[in-house]
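A closer look at the structure
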Amino acid sequence: MSTTAQPAARKTNRIGLEVLSYKGGKTTLCAGCGHNAISERIIECFYDMGVEPYTVAKFSGIGCSSKSPAYFLGLSHGFNGVHGRMPAIASGALLANRHIHALGVTGDGDTASIGIGQFMHLVRRNMPMIYIIENNGVYGLTKGQFSATADVGSKLKSGTVNELPPFDCCALALKWGATLVARSFSGDKPQLQAILKAAIAHNGLSVIDVISPCVTFNDHAGSTKSYSYMKDHEEPIHTLDFVPSYQDISLEMEDGAVQEVFMHDGSRLRIRKLERDYDPTSKIGALTALEEAEAKGEVLTGLLYAHTEKPTFIENLNLADEALATLPLDKVRPSRAALEEIMEELR
Ligand code: SF4
């Protein structure tokens, strides 16, 4: 008598979804582009954290990076805005529904040039969203001109040398008021995963600057955003473990030099110190470390700064808990009597 083999049970996350529910369309970016690795990390992290895809809204602007939301979280909402204007669109969506998980994906061109003003105000407001900068130092979509994050002395394929100083988006985000600031490298899978999970759990603006090499226009000798440059110059400031709120903590870390950052939802980011003594709760320490690294030609990666108590823009506005679109008319429209009272005051 033969027995029929049962198909193996499919792996699901804590809300019963398979990883397929977090994937998107097939990428059309160049093979080997750092942005593809970041998309993979986003899929893994939202799956691991058990975030309902319909509660996520993806926002982007213009550029290769801004195309990438099509390649992950295909069951989520998405809005591809005009160049550099993604922060305004994301802010509007968050004001309309404070419960969405807002995820912005942008590039160094989109953020540090045409969108720098929008970026400033997003940071200043501590808008509760994740803002990923896929930073390759060039405009990949328009054939690889230098962007405003290109380092002094870095070279294009043509041999042209950049003479202008770069914007450091992490330093700007720190200065202007972001409450979680991190730098990572698209090739550093464990670090980027831990940072992304912390950002999902964070109640405030998370600015994550990810060095993401452009293999077509900026991955040659003389580039400071190439895979080989990052291999030689990446300086992780610590190693990170993220423990989500729903997971029991049964193991104590053996290393005494562990610092914990407690997230709003009860999750913890556990930071194992490396040789350097670095405190991610000190903004001045973070700015100093970035300055020192720049002078030494190092690229510091890791959690640069975390402040988990500062109120967000939505909290400061004291908005209704319900999504604005679901509020009944009597709550959103002033009564005739109220309008007449206002008119009377103005007479
Ligand atoms: Fe990526 Fe560069 Fe290709 Fe654009 S041009 S998809 S940034 S490798």
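Residues numbered from 1 in each chain as written. Predicted model: local features only at pLDDT ≥ 70, side-chain atom pairs only at ≥ 80, totals over all residues. Heavy atoms only, no water.

**Quick notes on the sheet that holds strand S12 (residues 268–273)**
Strand order in the open sheet made by the three strands is S10-S12-S11, with antiparallel pairing throughout. If you trace the sheet from one side to the other, it starts and ends with strand S10 (238–243) and strand S11 (258–262), each paired once. Between one strand and the next, the sheet's axes are offset by a mean angle of 20°, whatever the strand orientation. Lying on the sheet, helix H7 (residues 189–201) is in contact with S10 and S12; it crosses S10 at an angle near 45°. (Pairing = 2+ DSSP bridges. Helix = DSSP H or I, 4+ residues; strand = E, 2+ residues; numbered from the N terminus. Axes fitted to C-alpha atoms, helices over the stretch in contact; angles between N-to-C directions. Contact = heavy atoms within 4.5 Å.)

**Brief notes about the domain arrangement of the protein chain**
For the protein chain, the domain assignment lists domain 1 (19–238 + 278–316) and domain 2 (247–277). Between the C-alpha centres of domain 1 and domain 2 there is a distance of 24 Å. Across the boundary between the two partners, domain 1 contributes 19 residues, which contact 14 residues of domain 2. When residues of domain 1 are sorted by the area they lose upon contact with domain 2, Ala201, His238 and Tyr278 head the list and together hold 35% of the total. Between domain 1 and domain 2 we count zero salt bridges in total. If you look at where domain 1 meets domain 2, you find two residue pairs in polar contact (both at pLDDT 80 or more). Looking at the side of domain 1 that touches domain 2, the elements that each hand over two or more residues are H7, strand S9 (234–236) and strand S13 (299–306). For the side of domain 1 that touches domain 2, the residue count by class is 11 nonpolar, five polar and three charged. (Domains from an automatic or database assignment. Buried area = accessible area lost by both parts, 1.4 Å probe. Salt bridge = Lys/Arg side-chain N within 4 Å of Asp/Glu carboxyl O. Polar contact = N/O pair within 3.5 Å; in protein donor to acceptor, adjacent residues only side chain to side chain. Nonpolar A, V, L, I, M, F, W, Y, C, P; charged D, E, K, R; others polar.)

**Re the packing of helix H1 (residues 34–48) against H7**
One way to put it is that H1 packs onto H7 with a least axis distance of 9 Å and a crossing angle of 50°. Judged on the interaxial angle alone, H7 and H1 are oblique. Crossing geometry of H1 relative to H7 is assigned as right-handed. The residues of H7 that touch H1, namely those facing Ile38, Arg41, Ile42, Glu44, Cys45, Phe46 and Asp48, are Lys189, Leu192, Gln193, Leu196, Lys197 and Ile200. Residues that form the contact of H1 with H7 fall into these classes: seven nonpolar, one polar and five charged. (Parallel < 35°, antiparallel > 145°, perpendicular 65-115°, else oblique. Left-handed = near helix turned anticlockwise from the far one by under 90°.)

**A look at the sheet that holds strand S2 (residues 77–80)**
Two orientations exist for strands paired in a sheet by backbone hydrogen bonds: parallel and antiparallel. Here eight strands make up an open sheet; going across it, the order is S2-S1-S3-S4-S8-S7-S13-S9 and the pairing mixed. What marks the edges here is a single partner per strand, and that holds for S2 and S9. Adjacent strand axes in the sheet meet at a mean angle of 20°, parallel and antiparallel pairs treated alike. Sheet topology places strand S1 (residues 56–60) next to S2; four bridges connect them, and they run parallel. Across the sheet, Ser60 pairs through a bridge with Asn80, a residue of S2. Sheet strands touched by H1: S1, strand S3 (101–107), strand S4 (129–135) and strand S8 (206–211). Its angle to S4, the strand with the most contacts, is close to 155°.

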